[in-house]
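# Architecture and fold: a report
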Amino acid sequence: MAAKYKRILLKLSGEALMGEDSYGINREIMARIVAEIDEISKLGVEIAIVVGGGNIFRGMTSANDGIDRVTADYMGMLATVMNALALQDTMKHAGLMTQIQSAIHIEQVVEPYIRGKAVSYLQEGRVVIFAAGTGNPFFTTDTAAALRGMEMDVDILLKATKVDGVYTSDPKLDPHATRYQEISFDEAIAKNLQVMDATALTLCRDQKLLLKVFSIFKAGALKRIILGEDEGTLVKI
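These lines cover the structure that appears in this document, whether it is placed above or below. (Residues numbered from 1 in each chain as written. Predicted model: local features only at pLDDT ≥ 70, side-chain atom pairs only at ≥ 80, totals over all residues. Heavy atoms only, no water.)

## Observations concerning the overall build of the chain
How we decide: Secondary structure elements follow DSSP: runs of H or I no shorter than four residues count as helices, runs of E no shorter than two count as strands, and numbering proceeds from the N terminus. In this setup the radius of gyration rests on C-alpha atoms only. A globule is expected at 2.2 Å times the number of residues raised to 0.38. Whether two residues are in contact is decided by their heavy atoms: any pair within 4.5 Å suffices.
Along the backbone of the chain there are 9 helices and 9 strands. Against the compact-globule benchmark of 18 Å for 237 residues, the chain has a radius of gyration of 17 Å, which places it among compact chains. Counting only C-alpha atoms and orienting by the principal axes, one finds that the chain spans roughly 50 × 50 × 35 Å. Nonlocal contacts in the chain, meaning residues at least 24 apart in sequence, comprise 72% of its contacts between residues at least 6 apart.

In structure tokens form, the structure reads like this:
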């Protein structure tokens, strides 16, 4: 079957990498996520990834605990670099060609973000992992995902979460909550549905970048999205 999307950006939260653990990286979960990525790579899909760092350090929460917000955000960026390195290592063991680019310059560890190089890597078939968010404090990795998605000219931004889409209310608290198959950016923002942060949603809306929210823990979900099947929630204009 042919892939519906040629180039995608996958937003992976740090929380997704720790699975049901309370902290850190769950290697079994990471290997399973990488296996799903490998499957769509074999369909010829060009894959960029923005990875979060909340499994190691969350800037905003730590700022509330007394750490200077800018300092906390930079600490969070470094946490995303750690996750990117772990993800790259797992991908290499799976036979995937990868390249990390970081928005903050730490050349002894990873290459700095250079848009032209990143595009070339994607065209070569490498999975490009973007670390350190936007490189600026006060911006989330959701916003970084929207920004990099636009810069890479992807067909769709895929946000991998723990739930299988966007619901009318929290499905864990409301047994009557129903999943949206599609929803507009304006409605998601107005209803404060916590799809992504408002800055990221606005960027996607203004640039007409499709967004799909889905569960990375649902076996085969990523491939079904790539093949155009009904999975998760599509957010569009």
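Once you've had a look at it, read on.
## So, the packing of helix α6 (residues 141-151) against helix α8 (residues 198-206)
Definition in use: To define axes, lines are fitted to C-alpha atoms, for helices over the stretch in contact only, and angles between the resulting N-to-C directions are given on a 0 to 180 degree scale. Here is the rule for angles: anything less than 35 degrees is roughly parallel, anything more than 145 is roughly antiparallel, 65 through 115 is roughly perpendicular, and the remaining ranges are oblique. Note on convention: the crossing is left-handed when the near helix lies turned anticlockwise from the far helix by less than a right angle, right-handed when the turn is clockwise. Amino acids outside the nonpolar list (Ala, Val, Leu, Ile, Met, Phe, Trp, Tyr, Cys, Pro) and the charged list (Asp, Glu, Lys, Arg) are all regarded as polar, and Gly is one of them.
It is the contact of α6 with α8, at a shortest axis distance of 7 Å, that shows an interaxial angle of 20 degrees. In terms of their interaxial angle, α6 and α8 are classed as roughly parallel. Read as a crossing pair, α6 and α8 show a hand that is left-handed. Residues Asp 142, Thr 143, Ala 146 and Met 150 of α6 lie in contact with α8, whose contacting residues are Thr 199, Ala 200, Leu 203 and Cys 204. Looking at the contact of α6 with α8 residue by residue, the class counts come to 5 nonpolar, 2 polar and 1 charged.

## Here we look at the side chain of Lys 11
This is how the line gets drawn: For the purposes of these results, a polar contact is taken to be a pair of N or O atoms within 3.5 Å, where, inside protein, one atom must be able to donate a hydrogen and its partner to accept one; residues adjacent in sequence count only when each atom of the pair is a side-chain atom.
Within the element layout of this structure, Lys 11 appears in strand β1 (residues 7-12). In this structure the side chain of Lys 11 is engaged in a polar contact, spanning 2.8 Å, whose partner is the side chain of Asp 142. Not counting the four nearest positions on each side in its chain, Lys 11 is found in contact with Val 50, Gly 52, Thr 141, Asp 142, Ala 145, Leu 157, Leu 158, Lys 159 and Ala 160.

## Digging into the side chain of Glu 46
Among the structural elements, Glu 46 can be located in strand β2 (residues 46-51). Polar contacts involving the side chain of Glu 46 include one to the side chain of Arg 7, which spans 2.6 Å.

## Considerations on the pairing of strand β5 (residues 127-131)
Selection criterion: Note on exposure labels: buried denotes an accessible area under 20% of the residue type's maximum, exposed denotes more than 50%, and partly exposed covers the range between, all computed with a 1.4 Å probe on protein chains only. Following DSSP output, two strands are said to pair if at least two bridges run between them.
Most of β5 is tucked away, with 5 of its 5 residues classed as buried. Across the two faces of β5 the burial is the same, with Val 127, Ile 129 and Ala 131 and Val 128 and Phe 130 all buried. Here β2 pairs with β5 via 3 bridges, running parallel. Bridging from a neighbouring strand, Ala 48 pairs with Val 128 of β5. Two strands pair when backbone bridges link them, and strand β3 (residues 98-102) and β5 are joined in this way by 5 bridges, in the parallel orientation. Counted as the bridge partner of Gln 101 is Phe 130 from β5.

## A short note on the environment of Glu 182
Turning to its location among the elements, Glu 182 is positioned in strand β7 (residues 182-184). With 82 residues separating them in the primary sequence, Glu 182 and Ile 100 have C-alpha atoms 32 Å apart. Every residue in contact with Glu 182, bar those within four places of it in the chain, is listed here: Thr 233, Leu 234 and Lys 236. At 3.2 Å, the side chain of Glu 182 forms a polar contact with the side chain of Lys 236.

## Brief notes about the sheet that holds strand β8 (residues 211-215)
Taken together, the 9 strands give an open sheet; going across it, the order is β4-β3-β5-β2-β1-β6-β8-β9-β7, and neighbouring strands pair in mixed fashion. Strands at the two margins of the open sheet, each flanked by one partner only, are β4 (111-112) and β7. Contacting β1, β2, β5 and β6 (156-161), α6 runs over the sheet at an angle of about 170 degrees to β1.

## A short note on unusual backbone geometry
Look at Asp 153: it is not a glycine, yet its phi comes out positive at around 55 degrees. Positionally, Asp 153 belongs in the loop between α6 and β6. Here Asn 192, not a glycine, exhibits a phi torsion of approximately 50 degrees, which is positive.

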